[in-house]
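# Close look at the chain arrangement
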Amino acid sequence: MTIKFMRFLFFRSGFFIACLTFLFSSSCGTSHPTNKNPGKVSLTTGRPFNKTDNLRVIPFKGDPFIANMVYVEGGYMIMGNMGEEQSSAGGRYAKPVTVTSFYIDQTPITNLDYREYLDDLKKRGFMEQHKAAMPNQKVWVQDFSYNDPYLENYLYSPGFMYYPVVGVSWEQATEYCKWRTEVVRNEIKKRNTKSAAPPAETADLNDRIASETTKNEENLNEAIELSLPVFRLPTEAEWEYAARGIVGIAGVDYLQSHQRIYPWSGFSPRGKDGKFLANFKRAKGNYKGMAGESNNAAPTSDVYSYPPNDLGIYDMVGNVCCWVIDTYRPLSLQDIDDLNPVRRNGLLDDSDSYNASNKSLINDHVKTYKGCSWADSAYFLQIGTRRYLDKNCATATIGFRCVVPSLGR
């Protein structure tokens, strides 16, 4: 056997072994379909996707871009109040829970954001809805204080454009979420329709394939629906999780060092430079501090006035409180599940579980709100504090922000 022939056999056998290795690795699952690349054929029937009447399968491209929202990767936390106790504001009960990933507004909904909503309702001729959506600016007027300029100017003045909207009830905030869902979905559909449109030079073919195009568009819209966002108020658990702003890898001392009382590290409302980290009532009669410390023209402040937390979210405490979707119950933390907890209407409401002072709260009209406002003391800067108000009431201290559940990145 010549050396040349031996080399030929060696080469052929090596190539054969490489082919076997590739086939073996493929059959063992090292190469498999994914959401982003689902393949062209069904693994269970062998039928090709996207052919004639077969199933239409569109690769997952991740959550659509949503302006002004921050991605919050889900995880574990101790929910509830672990700091100073004040039983009238939610008690000291705490519960371990897990929250899955979601998006949350980077700031509270501003006057400008809400004015866009009002303007759209008016232009579309929905005058009854427009009237019902108007914030109650009379919340600024008090018998023994002069806040009258805010009555006419706070919502519409250019100087308050990026201040948080107030005077909005839980019901009004919920309706805003529905409107935003509709508008954003329509914008996403427009973008997808444009990107899926045929080039101009192929326009002459449209008549020949009109029926097929219509069918494809219907299938495309059906598939797009699966990835379109639904805006809503955050759950109490989502709000707390976003406020804590935990970033990084959990170590052995995770619970001790990362279960923050405030949206920032430490045990003081001041930063390292001595400046306050949120807009709250510093002491009796002291809302703003000394002259020069704050140039805000209202008790509220521009939503970008104070530093964001580690996730880049502004005003999770301070400035205005935030409506959440949960129905209020004094015993919510004892009752709720430990995965994506929420308190829905009409569940586990045995009046025998409550004392006389709380029985008046056992109805579905009382909703929870979280956080600390410009009119609250430092106690309410603690993330775990919780309060309640009738869903049709509004104040100058409560605003809101939206969340969107994540379907994958």
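See the structure shown above.
Criteria and thresholds
- Residues numbered from 1 in each chain as written.
- Predicted model: local features only at pLDDT ≥ 70, side-chain atom pairs only at ≥ 80, totals over all residues.
- Heavy atoms only, no water.
- Helix = DSSP H or I, 4+ residues; strand = E, 2+ residues; numbered from the N terminus.
- Buried < 20%, exposed > 50% of the residue type's maximum accessible area, 1.4 Å probe, protein only.
- Contact = heavy atoms within 4.5 Å.
- Areas by Shrake-Rupley, 256 points an atom, 1.4 Å probe, with all protein chains shown as cover.
- 1 Å grid on protein atoms, 1.4 Å probe; cavity = no way out; pocket = protein on both sides within 12 Å on 5 of 7 lines; lining within 4 Å.
- Points joined across faces, edges and corners; volume = space filled by probe spheres on them.
- Nonpolar A, V, L, I, M, F, W, Y, C, P; charged D, E, K, R; others polar.
- Pairing = 2+ DSSP bridges.
- Axes fitted to C-alpha atoms, helices over the stretch in contact; angles between N-to-C directions.
- Salt bridge = Lys/Arg side-chain N within 4 Å of Asp/Glu carboxyl O.
- Core = buried A, V, L, I, M, F, W, Y, C linked by side-chain atoms within 4.5 Å.
- Phe/Tyr/Trp six-rings, centres within 6.5 Å; stacked < 30°, edge-to-face > 60°.

## Details of the overall build of the chain
Secondary structure assignment for the chain yields 9 helices and 9 strands. Sorting the 409 residues of the chain into buried and exposed places 38% on the buried side. Across the chain, contacts joining residues at least 24 apart in sequence account for 73% of those joining residues at least 6 apart. For the chain, the computed accessible surface area is about 23500 Å², with 56% contributed by carbon and sulfur atoms.

## Digging into empty space enclosed by the protein
Scanning the entire structure with this criterion turns up 2 cavities of 30 Å³ or more. Each pocket or cavity is described by its volume, and for the largest cavity that value is around 50 Å³. Taken together, Pro 108, Trp 239, Asp 315, Met 316, Val 320, Cys 321, Cys 322, Gly 399, Phe 400 and Arg 401 form the lining of the largest cavity. Split by residue class, the lining of the largest cavity holds 7 nonpolar, 1 polar and 2 charged.

## Some details on the sheet that holds strand E4 (residues 102–105)
Sheet strands pair via backbone hydrogen bonds, and the direction of the pair is either parallel or antiparallel. In space, the 3 strands of this open sheet follow the order E1-E4-E9, with antiparallel pairing throughout. At either margin of the open sheet sits one strand with a lone partner, and together these are strand E1 (69–72) and strand E9 (403–405). Across the sheet, the mean angle from the axis of one strand to that of its neighbour is 25°, orientation sign disregarded. As paired strands, E4 and E9 are joined by 3 bridges and run antiparallel to one another. Within E9, the residue paired with Phe 102 across the bridge is Pro 405.

## So, the pattern of salt bridges
Applying the stated criterion across every chain, the model contains 16 salt bridges. Residue Asp 119 is joined to Lys 123 by a salt bridge in which the shortest nitrogen-to-oxygen separation is 3.1 Å. In this pair, Asp 119 and Lys 123 both sit in helix H2 (residues 111–123), 4 residues apart, roughly one turn of the helix. Judged by its relative accessible area of 37%, Asp 119 is partly exposed. For Lys 370, the salt bridge goes to Glu 236, with nearest N and O atoms at 3.3 Å.

## Details of the pairing of strand E5 (residues 321–327)
When a strand is regular, its side chains alternate between the sheet's two faces. Where burial is concerned, most of E5 is hidden: 6 out of the 7 residues are buried. Note: E5 against strand E8 (residues 398–399), 2 bridges, orientation parallel. Paired with Cys 322 across the strands is Gly 399, a residue of E8. Here 3 bridges tie E5 to strand E6 (residues 366–370), and the two strands are oriented antiparallel to one another. The partner of Trp 323 across the bridge, within E6, is Tyr 369.

## Quick notes on the nonpolar core
Counting 33 residues, the largest nonpolar core has Phe 102, Ile 104 and Trp 239 as its most contacted members. Only E1, strand E2 (75–80), strand E3 (94–99), E4, helix H7 (236–244) and E5 provide two or more residues apiece to this core. Here this core takes 5 residues from H7, the largest share from any one element. If sequence neighbours within four positions are ignored, Phe 102 has contacts with Val 70, Tyr 71, Val 72, Glu 238, Tyr 241, Ala 242, Val 403, Val 404, Pro 405 and Ser 406. In terms of nonpolar packing, the next biggest core, distinct from the first, is built from 29 residues, Leu 228, Trp 323, Ile 398 and Phe 400 among them.

## Concerning the packing of aromatic side chains
In this structure the tally under the stated criterion is 23 aromatic pairs. Judged by centre distance (5.0 Å) and plane angle (55°), the ring pair of Trp 140 and Tyr 154 falls under tilted. With Trp 140 in the loop between helix H3 (127–133) and helix H4 (148–153) and Tyr 154 in the loop between H4 and helix H5 (170–196), this residue pair connects regions lying 14 residues apart in the sequence. A residue is classified by how much of its surface remains accessible, and Trp 140, at 1% relative accessible area, is buried.

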